[in-house]
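Letter by letter, the chains look like this.
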Amino acid sequence: MIDNDIFESYLHCKYKACLKLCGNHGNISEYEIMKSEIKLLYKRDALQRAISSYDKKEIVNNQDLSSAIKYGNKAIVDAHISHGDLQSYCDFTERTPGKSDLGAFHYLPVLFVEKEKLSKEDKLMVTYNGLVIGNMQNRQPEYGKIIYGKRFAISKIKFDEKLDIVTKIINDLKEYYDNSSLPQLILNRHCEICEFNATCRENAIKDGNLSLLGQIGAKEILKKNKKGIFNLTQLSYTFRPRRKRRRPDGFRRPHSVALRALAIRENKTYVHGTPELPRKATEIYFDVEGVEEGNFIYLVGLIVISNGQIEKHSFWANTADEETDVFLQFLRIIKNHDGYVLYHYGSYELSYLKRMKRKAVVVAQDIDAIIANCCNLLAVFYANVYLP
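The structure reproduced in this document is the subject of the present report. Residue numbering note: each chain is counted from 1, following its sequence as written. Totals for whole chains, interfaces and linings use all residues, but because this is a predicted model, local features are given only for residues with pLDDT of at least 70 and pairs of side-chain atoms are given and counted only at 80 or more. No hydrogens and no water enter the side-chain calculation; it runs on all heavy atoms of the structure.

1. Here's the deal with the overall build of the protein chain
Put simply, the test is: In this text, helices come from DSSP runs of H or I with a minimum length of four residues, and strands from runs of E with a minimum of two, each type numbered from the N-terminal end. Whether a residue is buried, partly exposed or exposed follows from its accessible area with a 1.4 Å probe, protein chains only, as a fraction of its type maximum: under 20%, in between, or over 50%, in that order. By the counting scheme adopted, Arg and Lys are positive, Glu and Asp are negative, and His together with the chain ends is not counted. To locate a charge, take NZ of a lysine, CZ of an arginine, CG of an aspartate or CD of a glutamate.
Helices and strands together make up the secondary structure of the protein chain, namely 14 helices and 13 strands. Taken along the three principal axes of its C-alpha coordinates, the protein chain extends 80 × 55 × 35 Å. Going through the 388 residues of the protein chain one by one, you find that 44% of them count as buried. Taken together, the 57 basic and 48 acidic charged side chains of the protein chain have centroids lying 7 Å from each other.

What follows is the structure, encoded as structure tokens:
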């Protein structure tokens, strides 16, 4: 039986979905438990707003949809929907005009999402609910609704081509189940919070799985497989150091997955070429922390090294309204220094600067000057240093 949990798992990892489909269970991480609790709290608040426009007599709670719809209720909370080998659990279901096997009306799904930005996965989840409802009532709803974010915004999600994607996923799952097989194990970012993380990683290490490299995706792995390369040992033997030659200014050495595989095979750290960092009289180390969607930064941290002196600064924002004030404090510190380089690790900080440029247009030129003095340490490390 395919349900919401298995379908959502597929959106993150085919391997995880098939493990669940076969009845396997892992160790749920504290992060996933926390996320579930946040979802429940958000659902409680979103539900209150959703049912506020209905009379209590028009709503039924926690019932199988096939039995609840006989009475034509205008809204169903926590509906359980089953049709064939598909099962769906829907946060909220609304009645809408349009002929179906039920009568002169049919139902459409409503999903509650606590995030501020909707993802492709959120849209496919509500489409999955719509497909199961449509099969049961013999009338496919044209769209579903997602209530999301702290403002409880409502987005209508048209199903159209998304139904083809959902149907393909369902067919893939059925095929794996019928054949009693598992898809190729490919580690990804979701592994960090997945309940099967320890087991999958152990199997990946044992097999020398190419996805252990982290910087190689499913399509690239498939290309390597077609060339007869199926594990890290095989890939490591394809590394060939290139002859030294003159490089244009600003040249950035491409990352070599073959050299990374060699580093893992021999358990050694390799430095390829000479890492070069811009050096200035004042060196500033810059880090920010924010919410998952990146649309609210609550902490900006700086370490300033100048003339042998070290200064440490941290600026906190308790609410999104305070974010601009925090940025202006950061800006004042930066403007106190001439001839500086701003080191950061990854693209998160740069994205923050660009977002604040759009938000605080008055200081756009100052932000451009800061961006021009930025140095991404991760880019330098990624191109030149290979850890086992």
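2. Details of the packing of aromatic side chains
To keep it simple, the criterion reads: Stacked, tilted and edge-to-face are the three classes assigned to paired rings of Phe, Tyr and Trp, where Trp is represented by its six-membered ring and a pair needs centres within 6.5 Å; plane angles under 30 degrees give stacked, over 60 edge-to-face, the rest tilted. Definition used: whenever NZ (Lys) or CZ (Arg) falls within 6 Å of the ring centre and also within 35 degrees of the ring normal, the charge is taken to sit over that ring.
If you walk through the whole model with that rule in mind, you get 10 aromatic pairs. Ring geometry for Tyr42 versus Phe152: centroids 5.3 Å apart, planes at 20 degrees, classification stacked. A residue pair is termed long-range when its members are at least 10 positions apart, and Tyr42 in helix α3 (residues 30–51) and Phe152 in the loop between β5 (143–148) and β6 (153–158) qualify at 110 residues. Using a relative accessible area of 19% as the deciding quantity, one classes Phe152 as buried. Here Tyr285 and Tyr343 contribute two aromatic rings whose centre-to-centre distance is 5.1 Å and whose plane-to-plane angle is 40 degrees, an arrangement assigned as tilted. Taken as a pair, Tyr285 in strand β8 (residues 282–290) and Tyr343 in strand β11 (residues 340–344) lie far apart in primary sequence, 58 residues in all. A relative accessible area of 3% places Tyr343 in the buried class. Following the ring pairs from residue to residue traces out a cluster consisting of Phe286, Phe327, Phe330 and Tyr352. Its end group placed over the ring of Phe105, Arg95 keeps NZ or CZ at 5.2 Å from the ring centre.

3. Thoughts on a positive patch on the surface
Filter applied, for reference: Here the term patch refers to residues with relative accessible area over 30% and no salt bridge, with like charges joined within 9 Å and nonpolar side chains (Val, Leu, Ile, Met, Phe, Trp, Tyr) within 5 Å. Using a 1.4 Å probe, the Shrake-Rupley method yields the accessible areas, and only the shown protein chains count as cover for residues. By definition, a salt bridge exists where a carboxyl oxygen of Asp or Glu is found within 4 Å of a side-chain nitrogen of Lys or Arg.
Where like charges cluster on the molecular surface, the positive patch consists of Lys219, Lys223, Lys226 and Lys227. By the secondary structure assignment, Lys226 is in helix α8 (residues 218–226).

4. Notes on helix α5 (residues 120–137)
Selection criterion: For a helix, the expected span equals 1.5 Å multiplied by the number of residues minus one.
Between its first and last C-alpha, α5 extends 26 Å over 18 residues, near the 26 Å set by a 1.5 Å rise per residue. Extensive coverage of α5 is indicated by the burial of 14 of its 18 residues. Positioned one or two residues after α5, Asn138 has a phi angle of 55 degrees, which is positive.

5. A few points about the packing of helix α2 (residues 14–21) against helix α6 (residues 162–178)
Where we set the bar: Fitted lines through C-alpha atoms give the axes, limited to the stretch in contact for helices. The angle between two N-to-C directions lies from 0 to 180 degrees. When describing relative orientation, an angle under 35 degrees is termed roughly parallel and one over 145 degrees roughly antiparallel, while 65 to 115 degrees is termed roughly perpendicular and anything else oblique. Left-handed is the label given to a crossing in which the near helix is rotated counterclockwise from the far helix by less than a right angle, and right-handed is the label when the rotation is clockwise. We call two residues contacting when some pair of their heavy atoms lies within 4.5 Å. In this classification, the charged set is Asp, Glu, Lys and Arg, the nonpolar set is Ala, Val, Leu, Ile, Met, Phe, Trp, Tyr, Cys and Pro, and all remaining amino acids, among them Gly, are polar.
Closest axis-to-axis distance for the α2/α6 pair is 10 Å, and the angle between their directions is 55 degrees. Taken as axis vectors, α2 and α6 run oblique relative to one another. Handedness of the crossing formed by α2 with α6: right-handed. Listed contacts from α6 to Lys14, Ala17, Cys18 and Leu21 of α2 are Leu173, Tyr176 and Tyr177. Here the residues of the contact of α2 with α6 sort into six nonpolar, no polar and one charged.

6. What to know about the sheet that holds β11
This is how it is decided: Two strands qualify as a pair provided DSSP detects at least 2 bridges between them.
With mixed pairing, the five strands of this open sheet are ordered in space as β10-β9-β8-β11-β12. Among the strands making up the open sheet, the edge pair consists of β10 (309–316) and β12 (374–376). On average, each strand axis in the sheet is tilted by 20 degrees relative to the strand beside it, whichever way the strands run. In this structure, strand β9 (residues 297–306) lies alongside β10, joined through eight bridges in antiparallel fashion. Among the inter-strand pairings, Ile303 is bridged to a residue of β10, identified as Lys312. Strands β11 and β12 of the sheet are contacted by helix α14 (residues 377–384), whose axis makes an angle of about 35 degrees with β12.

7. Considerations on the side chain of Arg355
Topologically, Arg355 is positioned in helix α12 (residues 348–359). Residue contacts for Arg355: discarding those within four places in its chain leaves Gly294, Asn295, Phe296, Ile297 and Glu323.

8. Comments concerning the sheet that holds β6
The sheet built from six strands is open, its strands ordered β1-β2-β3-β4-β5-β6 with mixed pairing. Across the chains shown, the open sheet's two edge strands, defined by having one partner strand only, are β1 (59–61) and β6. Ignoring which end each strand starts from, the neighbouring axes of this sheet average 45 degrees apart. Alignment of strand β4 (residues 103–113) against β5, held across four bridges, turns out to be parallel. For Leu111, the partnering residue across the bridge sits in β5 and is Ile146.

9. Topic: the nonpolar core
Operational definition: Buried Ala, Val, Leu, Ile, Met, Phe, Trp, Tyr and Cys residues that are joined via side-chain atoms within 4.5 Å together make up what is termed a nonpolar core.
In terms of nonpolar packing, the biggest core is built from 35 residues, with Ile2, Phe7, Tyr128 and Leu173 touching the most fellow members. The set of elements that each furnish at least two residues to this core consists of α1 (4–12), α2, β2 (75–83), β3 (86–100), β4, α5, β5 and α6. Considering each element in turn, this core owes the most residues, eight residues, to α5. For Ile2, the residues in contact, after removing those within four places along its chain, are Leu21, Asp85, Leu86, Gln87, Tyr128, Ile170, Leu173 and Lys174.

10. Quick notes on the pairing of β6
Each regular strand displays side chains that alternate between the two surfaces of the sheet. One ladder, built from six bridges, connects β5 with β6; its direction is antiparallel. In the strand pairing of β6, Lys145 is matched with Lys156. The antiparallel pairing of β5 with β6 creates a hairpin that spans four residues between the two strands, and Gly149 there sits at a positive phi of about 75 degrees.

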